[in-house]
Amino acid sequence: MLKKLLMVGLCTGVASCMVKPKQVAGYDYDCEIVTRKIELTLDQQTRFRQMNCQNEECKAQAVAELASSMIILPLSAIVSGSIALTGNTLYWLEEKGRCLSSKKATAS
């Protein structure tokens, strides 16, 4: 019984997170341009802390919430990872183009 409770607690703790993309700006001193990139962050979901189940309907809702959370984490990681990969590739190409333009302008 204790193993099951620990496993449910662990799954709830891990599964109540969601991966989100976040845009971060920086500065490239060599090219003298502002750079951007997308980083992935974990966002803690708080919906499990609000439940204090006393009846069967609430317990069923808690199980449904747990099941949906276990699906949300990997799906959000896949979607956010795809967004970050595409966005960072486009930002990299844009920065390389602007850096070459910047270096040509200073060389003239």
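The preceding data block contains the structure.
Rules behind the numbers
- Residues numbered from 1 in each chain as written.
- Predicted model: local features only at pLDDT ≥ 70, side-chain atom pairs only at ≥ 80, totals over all residues.
- Heavy atoms only, no water.
- Helix = DSSP H or I, 4+ residues; strand = E, 2+ residues; numbered from the N terminus.
- Buried < 20%, exposed > 50% of the residue type's maximum accessible area, 1.4 Å probe, protein only.
- Contact = heavy atoms within 4.5 Å.
- Pairing = 2+ DSSP bridges.
- Disulfide = S-S within 2.5 Å.
- Salt bridge = Lys/Arg side-chain N within 4 Å of Asp/Glu carboxyl O.
- Patch = residues over 30% accessible without salt bridge, like charges linked within 9 Å, V, L, I, M, F, W, Y side chains within 5 Å.
- Areas by Shrake-Rupley, 256 points an atom, 1.4 Å probe, with all protein chains shown as cover.

**Student:** Is there a simple way to explain the overall build of the protein in this structure?
**Tutor:** Secondary structure assignment for the protein yields two helices and two strands. The order of helices and strands in the protein, counted from the N terminus, is α-β-β-α. Looking at the protein residue by residue over its 108 residues, the buried ones come to 21%. Contacts spanning at least 24 positions in sequence make up 56% of the contacts within the protein whose residues lie at least 6 apart.

**Student:** Could you clarify how one ought to interpret the pairing of strand β2 (residues 33-44) in this entry?
**Tutor:** Walk down a regular strand and you will see the side chains alternate between the two sheet faces. Relative to β2, strand β1 (residues 17-28) runs antiparallel, the two sharing 12 bridges. The residue bridging Lys22 from the neighbouring strand is Glu39, located in β2. Where β1 folds back on β2, the antiparallel hairpin that results is connected by four residues, among which Glu32 adopts a positive phi of roughly 60°.

**Student:** Help me understand the state of the cysteines in this model?
**Tutor:** By definition, a disulfide links the sulfur atoms of two cysteine residues through a covalent bond. Inspection of the entire model under this criterion finds one disulfide. Disulfide partner of Cys31: Cys99, at an S-S distance of 1.6 Å. Every disulfide takes its handedness from the sign of the S-S torsion; for Cys31 and Cys99 that torsion is -55°, giving left-handed. With Cys31 in the loop between β1 and β2 and Cys99 in helix α2 (residues 56-107), this pair connects stretches of sequence that are 68 residues apart.

**Student:** Would you mind showing me how to read the pattern of salt bridges here?
**Tutor:** As enumerated under the stated definition, the model contains three salt bridges in all. A salt bridge links Glu39 to Lys37; its shortest N-O distance comes to 3.4 Å. Among the residues examined, Glu39 registers a relative accessible area of 32% and is labelled partly exposed. Classification of Lys37 as partly exposed rests on a relative accessible area of 41%.

**Student:** Help me understand the environment of Cys17 in this model?
**Tutor:** Topologically, Cys17 is positioned in strand β1. Its relative accessible area of 10% is what places Cys17 among the buried residues. Taking the C-alpha atoms as reference, Cys17 lies 9.3 Å from Ser76; in sequence the two are 59 residues apart. With residues up to four places along the chain from it excluded, the contact list for Cys17 reads Leu42, Asp43, Gln44 and Leu73.

**Student:** I keep staring at a nonpolar patch on the surface and nothing clicks. Help me out?
**Tutor:** A cluster of nonpolar side chains, Tyr27, Tyr29 and Val34, forms an exposed patch at the surface whose accessible area comes to about 360 Å². Here Tyr27 is to be found in strand β1. The partly exposed category is assigned to Tyr27, whose relative accessible area is 40%.

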